[in-house]
Amino acid sequence: MTQDNVPGREVGPNRAGGGAARSTPGGEAAAGASAGGVGGRGHEGRGDPRSRRPVRRLLGVGLVDYLGVGLFVAFSAVYFTRIVGLSTGGVGLGLGLAGLIALGTAVPIGRLADLVGVRNTLVALHLARAAGTAGYAAVGEWWGFLVAVAVVTTADQSVSALTQAFVAELADGADRVRTLAAYRTVANLGISLGAPLGGLAIGLDDAAAFRAVVLVNAAAFVLVAGLLATIPVPPARGAATRVSGWGALRDRRVWGLASIDTLLQLWLPVLNLGIPLWLTTRGGLSASWLGALYAVNTVFGVVCQLPAARLAVSVRAARRCQVAAGALLAAACVLLWSAERAPAAVVFPIGVLLLSCGEVIAVSAAWTLSYAVAPDDRRAEYLAAFGMGRSVGRHVLGPVLITGLLQAVGGVGWGVMAALFASAGVGTLFVRLPPDRPAADAREA
């Protein structure tokens with residue numbers, strides 16, 4: 001479904017999905033909420049920072065954020081190559097280097113957030129996104145592009161984990177996962193609304209129009225930072241006490257869950273790379289089918305993310321969900337493998353539905369499991385470490401693995417992907433996690 005700063009989604013060419021494209025840092029507040037509404041605890045006092053109002057404000061922030069993202073993602077590739085004048089290889093190299101920088105800074109930024117406050121760090125990161133995005137309008141050569149994209153990518157990577165950490169300050173127990181599901185839904189809606197508007201700039205084919213949209217995107221990030229600064233922080237959950245060591249990087253549970261999530265998050269490069277390549281080279285269908293298939297994925301995510309979140313409200317349930325997600329994603333790959341022999345017009349829509357179902361379940365389970373291993377006083381650091389696996393799967397391992405397999409062994413590559421998904425789901429059962437806490441108990445904690 002969306003971009004990396006949507007918890008659980010990445011922006012891709014389809015989003016048009018969290019996921020821009022999708023997918024990634026999610027809202028129908030009524031669906032699946034507890035007594036206090038989505039993300040709330042039932043507190044009604046206007047001065048209570050744990051009431052529903054801060055969560056609703058955060059969802060509004062997400063909508064503004066991803067409207068801006070949608071504006072830019074629709075034409076970013078065209079902008080950098082046609083307007084800035086960079087080569088396709090140069091853009092790819094810059095994005096790759098920026099991704100490595102973002103991975104290296106994720107845990108230190110998470111730890112900083114635990115010390116100075118998650119909300120304050122988020123505000124600073126969104127301002128950094130605004131500065132980097134505004135820089136896109138001024139760059140004219142590769143080194144300037146690299147600086148700007150490194151700033152934006154580093155901030156995006158950390159925004160995803162810190163948004164999840166901030167939700168934990170505004171909601172308790174199962175309401176945290178429901179709030180993230182609502183946030184992800186809102187993000188997908190924002191991108192879906194913003195992308196067509198950004199696409200108009202391509203039609204105008206005017207450098208000034210392109211740069212104007214870039215600056216509007218930057219202004220959206222400034223607005224997001226301002227709105228975030230108005231959300232009250234629960235006093236008891238402000239900043240963490242100073243601690244020594246890098247606990248998240250030494251915690252085997254975090255590495256185990258992050259490794260599993262690395263594999264399960266391959267659904268995004270399957271959607272954005274594997275399906276388009278397979279459909280046009282072996283499926284016998286025209287590229288015009290891709291728009292409809294992406295629409296199926298987007299609509300499924302918007303409609304089903306909140307219901308899926310209700311399936312993963314406890315550690316035990318989340319384990320089962322990851323096993324199920326692995327099985328669904330594996331089934332999608334096996335079905336796509338059959339496109340050479342079976343009717344492609346049937347195989348691809350069903351395959352995308354299975355992939356989408358596995359996606360929303362895997363994302364919901366990952367939220368619950370990552371919360372389970374993150375101590376309250378180092379939550380941002382641990383969630384940032386967990387999020388590194390997501391980024392590796394989507395941006396490093398996935399593109400290389402999927403394109404390489406399809407080119408080297410053809411359809412057998414789908415069998416390899418199916419085995420990876422299935423093994424990742426089962427692998428969750430072997431990670432030692434804290435005792436299960438049912439949602440009802442968590443809300444009373």
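What counts as what
Residues numbered from 1 in each chain as written. Predicted model: local features only at pLDDT ≥ 70, side-chain atom pairs only at ≥ 80, totals over all residues. Heavy atoms only, no water. Helix = DSSP H or I, 4+ residues; strand = E, 2+ residues; numbered from the N terminus. Polar contact = N/O pair within 3.5 Å; in protein donor to acceptor, adjacent residues only side chain to side chain. Contact = heavy atoms within 4.5 Å. Expected span 1.5 Å × (residues − 1). Buried < 20%, exposed > 50% of the residue type's maximum accessible area, 1.4 Å probe, protein only. Arc of directions from axis to C-beta. Phe/Tyr/Trp six-rings, centres within 6.5 Å; stacked < 30°, edge-to-face > 60°. Lys NZ or Arg CZ within 6 Å of the ring centre and 35° of its normal. Axes fitted to C-alpha atoms, helices over the stretch in contact; angles between N-to-C directions. Parallel < 35°, antiparallel > 145°, perpendicular 65-115°, else oblique. 1 Å grid on protein atoms, 1.4 Å probe; cavity = no way out; pocket = protein on both sides within 12 Å on 5 of 7 lines; lining within 4 Å. Points joined across faces, edges and corners; volume = space filled by probe spheres on them. Nonpolar A, V, L, I, M, F, W, Y, C, P; charged D, E, K, R; others polar. Salt bridge = Lys/Arg side-chain N within 4 Å of Asp/Glu carboxyl O. Bend = angle between axes of the 7 residues up to and from the residue. pLDDT = per-residue confidence, 0-100. Core = buried A, V, L, I, M, F, W, Y, C linked by side-chain atoms within 4.5 Å.

Caption draft 1: Spotlight on the side chain of Glu-381. Structurally, Glu-381 is set in helix α14 (residues 379-409). There is a polar contact of 3.1 Å between the side chain of Glu-381 and the side chain of Arg-378.

Caption draft 2: Expanded view of the environment of Phe-421. Examined against the element boundaries, Phe-421 turns out to sit in helix α15 (residues 412-427). Between the C-alpha atoms of Phe-421 and Ala-327, which are 94 residues apart in sequence, the distance is 6.9 Å. Leaving out residues up to four positions away in the same chain, Phe-421 has contacts with Leu-263, Leu-264, Leu-266, Trp-267, Val-270, Gly-326, Leu-329, Ala-330 and Cys-333.

Caption draft 3: Region of the structure containing α15. The end-to-end C-alpha distance of α15 is 23 Å, a good match for the 22 Å that 16 residues give at a rise of 1.5 Å each. Listing the buried residues of α15 in full gives Gly-413, Trp-414, Met-417, Ala-418, Phe-421, Ala-424 and Gly-425. The buried residues of α15 all sit within an arc of 145° when viewed along its axis, so they share a single face. On the buried face of α15, the contacting elements are α9 (252-264), α10 (267-281), α12 (315-337) and α14.

Caption draft 4: Examining the packing of aromatic side chains more closely. Considering all chains together, one arrives at eight aromatic pairs under this definition. On the basis of an interplanar angle of 80° and a centroid distance of 5.0 Å, the ring pair of Phe-80 and Tyr-136 is categorised as edge-to-face. With a gap of 56 residues between them, Phe-80 in helix α2 (residues 76-83) and Tyr-136 in helix α4 (residues 118-136) connect regions that are remote in the sequence. Across the pair, exposure class does not vary: Phe-80 and Tyr-136 are buried alike. When the ring of Trp-278 is compared with that of Trp-414, the centres are 6.2 Å apart and the planes differ by 70°; the resulting orientation is edge-to-face. Residue Trp-278 is found in helix α10, and its partner Trp-414 is found in helix α15; the two are separated by 136 residues along the sequence. The same class applies to Trp-278 as to Trp-414, namely buried. Members of the aromatic cluster, each reached through a chain of ring pairs, are Phe-72, Tyr-79, Phe-80, Tyr-136, Phe-145 and Phe-210. Its guanidinium or amino end placed over the ring of Tyr-371, Arg-176 lies 5.4 Å from that ring's centre, counting from NZ or CZ.

Caption draft 5: Quick peek at the packing of helix α3 (residues 88-116) against α4. Their axes nearest at 7 Å, the elements α3 and α4 cross at an angle of 130°. Judged by the angle between their axes, α3 and α4 are oblique. Here Ile-109, Leu-112, Ala-113 and Val-116 of α3 lie close against α4, whose contacting residues are Val-118, Asn-120, Thr-121 and Leu-125.

Caption draft 6: Region of interest: empty space enclosed by the protein. Empty space within the largest cavity amounts to approximately 40 Å³. Forming the boundary of the largest cavity are Leu-58, Val-61, Asp-65, Leu-122, His-126, Thr-163, Tyr-183 and Leu-228. Of all the secondary-structure elements, those providing two or more residues to the lining of the largest cavity are α1 (52-73) and α4. In terms of residue class, the lining of the largest cavity is built from five nonpolar, two polar and one charged.

Caption draft 7: Structural context of the pattern of salt bridges. Summed over the entire model, instances satisfying the criterion amount to nine salt bridges. Two residues, Arg-184 and Glu-359, come together in a salt bridge whose shortest N-O distance is 3.1 Å. Of the two residues, Arg-184 sits in helix α6 (residues 174-204) while Glu-359 sits in helix α13 (residues 344-373), which places them 175 residues apart along the sequence. Assigned by exposure class, Arg-184 and Glu-359 land together as buried. In this structure, the salt-bridge partner of Glu-340 is Arg-282, at a minimum N-O distance of 2.6 Å. Taken together, the positions of Glu-340 in the loop between α12 and α13 and Arg-282 in the loop between α10 and α11 (289-309) put the pair 58 residues apart, joining distant regions of the chain. For Arg-282, a relative accessible area of 39% puts it in the partly exposed group. One connected set of salt bridges, linked through shared partners, spans Asp-65, Arg-129 and Asp-156.

Caption draft 8: Representation of α14 in the model. The first and last C-alpha atoms of α14 sit 42 Å apart over 31 residues, in line with the 45 Å expected at 1.5 Å per residue. By the largest-angle criterion, Leu-397 marks the main kink of α14, which is about 50°, and a proline, Pro-399, follows within four residues.

Caption draft 9: Representation of the environment of Leu-397 in the model. Within the secondary structure, Leu-397 sits in helix α14. Relative accessible area serves as the criterion here: at 32%, Leu-397 is assigned to the partly exposed category. Here Leu-397 is in contact with Thr-262, Leu-263, Leu-266 and Val-392, once residues within four sequence places are set aside.

Caption draft 10: Spatial organisation of the confidence of the model for the protein. Confidence in the prediction of the protein, expressed as mean pLDDT, is 82, and 83% of residues score 70 or more. Mean pLDDT per element in the protein: helix α16 (residues 439-444) is the minimum at 40, and α4 is the maximum at 96. Here residues 1-5 scores under 50 on pLDDT; set against residues more than four positions off or in separate chains, the count is 74 contacts. Across residues 438-445, confidence stays below pLDDT 50; counting only partners more than four residues off in sequence or on other chains, it has 16 contacts.

Caption draft 11: Fine view of the nonpolar core. The biggest cluster of nonpolar side chains holds 104 residues, and the ones touching the most others in it are Leu-228, Ile-275, Phe-348 and Phe-421. The element best represented in this core is α13, accounting for 15 residues. The residues touching Leu-228, leaving out its near neighbours within four places in the chain, are Leu-58, Val-61, Arg-119, Leu-122, Val-123, His-126 and Phe-166. Among the nonpolar cores identified, the runner-up in size contains 23 residues, and Phe-80, Ile-83, Phe-210 and Val-213 belong to it.

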